[in-house]
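Each chain, letter by letter, is given below.
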Amino acid sequence: MQEKINGLLEELAKAFADVKTMQELNDLKVQYQGKKGIITELSAGIKDVPNEEKKEYGMHVNTLRVAFNDAYDKNKTRLEEELVNKKLKEETIDISLPSVKNMRGSKHPFNRIIEEVEDLFVSMGYDVVDGPELEDDEHCFRLLNYTVGHPARDAQDTFYIDEEYLLRTQTSSSQSRVMQANTEKSPIRVICPGKTYRRDDDATHSHQFGQVEGLVIDKNISLADLKGTLEIFAKKLLGEETKVRFRPSYFPFTSPSCEVDVTCFKCGGKGCPLCKKTGWIELLGAGMVHPNVLKMGGYDPDEFTGFAFGTGLDRLAMFKYAIPDIRYMYGNDIRFLRQFDRKDEEYEIKY
Ligand code: DAH
């Protein structure tokens, strides 16, 4: 028996020395420990061994079993390691390959314009002030000299929440809030950009749009200050060659009031389809703050004067980026938004 086992141990060693794959290892397991395997049959054979030899026989079979299990475990570990190393080699990452690009968002043209306008006015010493979009009649109209039933309210129909509250029709509503909030009644120099709402829907008017209001109150503020400020505003935003024209107009909260045009940035003032052949494009409304508005805001009109102006932010963005329809600004069409992922100087605008 001893010899037989020694022979089997030798065979076993040779068999394991030749194992190169998991499949071969599994085959060996079947060959030795399967239903009809060498070790299985040797174990079963114990019943034919005389009783006094059973113990020794059992010990020999066990020696073979332990040798097999030992060799099996070692080879299994070896093969698994080889497999992992092979995989690692095959899957080395080439870091010089270009990566998969993530889609990057871009700044909405509306926000681009707000930032540009804010930067300009902050550089001139203005503060940027926010006001509520859900406004009351008092701040949106009454404190701006639109008495109840005033005909100028007709042009500003909006979304009413109830008798008193509405979605603001103009950022001029922030004027009265700024004046009220300034309890010291010291000079004011602010711009108020934000969203506004009206009952409108066509290529140049949307139910939602943006405005920036400007307000300056101090002693000895004159129309000349307003003119100088708006000239800088137009030139910085639309180009140094831009000329500015003031036309008389009417707004309840300013007197005198004016509308301000700029030379068409497409044709330079010669006349083209964009400016409807006039050479001019309407940019904003402005004027000297009405004494009633100053009074209602707590400022003495004999001591203080001021100017105000208000312009559409979407309108500015449409001019600047040649956007043909205001509704693109609110459509969330990713093809539209993707066009605004560059710096301003990288645009070549074609009308
Ligand atoms: N809020 C006015 C509008 O929506 C624009 C405006 C005109 C603002 C004259 C002003 C101003 O501050 O003085 O039509």
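The preceding data block contains the structure.
What counts, and where the lines are drawn
- Residues numbered from 1 in each chain as written.
- Predicted model: local features only at pLDDT ≥ 70, side-chain atom pairs only at ≥ 80, totals over all residues.
- Heavy atoms only, no water.
- Pairing = 2+ DSSP bridges.
- Helix = DSSP H or I, 4+ residues; strand = E, 2+ residues; numbered from the N terminus.
- Contact = heavy atoms within 4.5 Å.
- Axes fitted to C-alpha atoms, helices over the stretch in contact; angles between N-to-C directions.
- Expected span 1.5 Å × (residues − 1).
- Near = heavy atom within 4 Å.
- Polar contact = N/O pair within 3.5 Å; in protein donor to acceptor, adjacent residues only side chain to side chain.
- Areas by Shrake-Rupley, 256 points an atom, 1.4 Å probe, with all protein chains shown as cover.
- Nonpolar A, V, L, I, M, F, W, Y, C, P; charged D, E, K, R; others polar.
- Core = buried A, V, L, I, M, F, W, Y, C linked by side-chain atoms within 4.5 Å.
- Buried < 20%, exposed > 50% of the residue type's maximum accessible area, 1.4 Å probe, protein only.
- Phe/Tyr/Trp six-rings, centres within 6.5 Å; stacked < 30°, edge-to-face > 60°.

Chemist: An account of the sheet that holds strand β4 (residues 188–197) is requested, with residue identities and associated values reported.
Modeler: In a beta sheet, neighbouring strands are held together by backbone hydrogen bonds and run either parallel or antiparallel to one another. Taken in spatial order, the seven strands make up an open sheet running β1-β4-β5-β9-β8-β7-β6, and their pairing is mixed. Among the strands making up the open sheet, the edge pair consists of β1 (127–128) and β6 (244–251). Sheet topology note: the strand β5 (residues 208–218)/strand β9 (residues 305–312) ladder contains eight bridges and is antiparallel. Note that in β9 the partner of V216 across the bridge is F307. Helix α8 (residues 223–238) rests against β6, β7 (254–263), β8 (280–289) and β9 of the sheet, and its axis sits at about 150° to β8.

Chemist: Give me α8: which residues, what numbers.
Modeler: For α8, built from 16 residues, the straight-helix expectation of 22 Å at 1.5 Å per residue is met to within 8% by its first-to-last C-alpha distance of 22 Å. Check the buried side of α8 and you find it contacts α5 (109–123), β6, β7, β8, β9 and α10 (313–321). At the C-terminal side of α8, G239 shows a positive phi close to 120°.

Chemist: Help me get a handle on the site of the ligand, residues and values and all.
Modeler: Neighbouring residues of the ligand: 15 residues in total, closest Q170, S172, R198, Q211 and E213. Within the side chain of Q170, a nitrogen or oxygen atom sits 2.8 Å from a nitrogen atom of the ligand. One of the backbone nitrogen or oxygen atoms of A308 is found 3.2 Å away from an oxygen atom of the ligand. Here the ligand, which alone exposes 360 Å², has 92% of that area covered by the protein. Those elements that provide at least two residues to the shell around the ligand are β5, β8 and β9. Class assignment for the residues of the shell around the ligand results in five nonpolar, eight polar and two charged.

Chemist: Which residues make up the nonpolar core, and what values go with them?
Modeler: Side chains that are nonpolar tend, in soluble globular proteins, to be buried together. By size, the foremost hydrophobic cluster in this structure holds 44 residues, and its most contacted members are V117, L230, F233, L283, L284, F307 and F309. Elements represented by at least two residues in this core include exactly α5, β5, α8, β7, β8, β9 and α10. The contacts of V117, once residues within four sequence positions are left out, are I191, V212, F233, L237, L313 and L316. Judged by nonpolar contacts, the second largest core, of 20 residues, contains Y146, M179, C192 and L215.

Chemist: Lay out the pairing of β8 with the relevant residues and their values.
Modeler: Counting buried positions over the ten residues of β8 gives eight, a clear majority of the element. As paired elements, β7 and β8 share eight bridges and run antiparallel to each other. By the bridge assignment, T254 is partnered in β8 with V289. Bridge count for β8 against β9 is five bridges, and the pairing is antiparallel. What sits directly across from M288, in β9, is F307.

Chemist: Outline the packing of aromatic side chains, listing residues and values.
Modeler: Here the structure, examined in full by the defined rule, presents 15 aromatic pairs. Between the aromatic rings of F141 and Y146, the centroid separation amounts to 5.2 Å while the plane-to-plane angle is 65°, which identifies the pairing as edge-to-face. Both residues of the pair, F141 and Y146, belong to the buried class. Judged by centre distance (5.4 Å) and plane angle (80°), the rings of Y321 and F340 are edge-to-face. In this pair, Y321 sits in helix α10 while F340 sits in the segment after α11 (334–337), placing the two residues 19 residues apart along the sequence. A single burial state applies to Y321 and to F340, both of which are buried. An aromatic cluster of three or more residues is present, and its members are F121, Y126, F233, F307 and F309.

Note that all results are geometric; they support no functional claim without further evidence.
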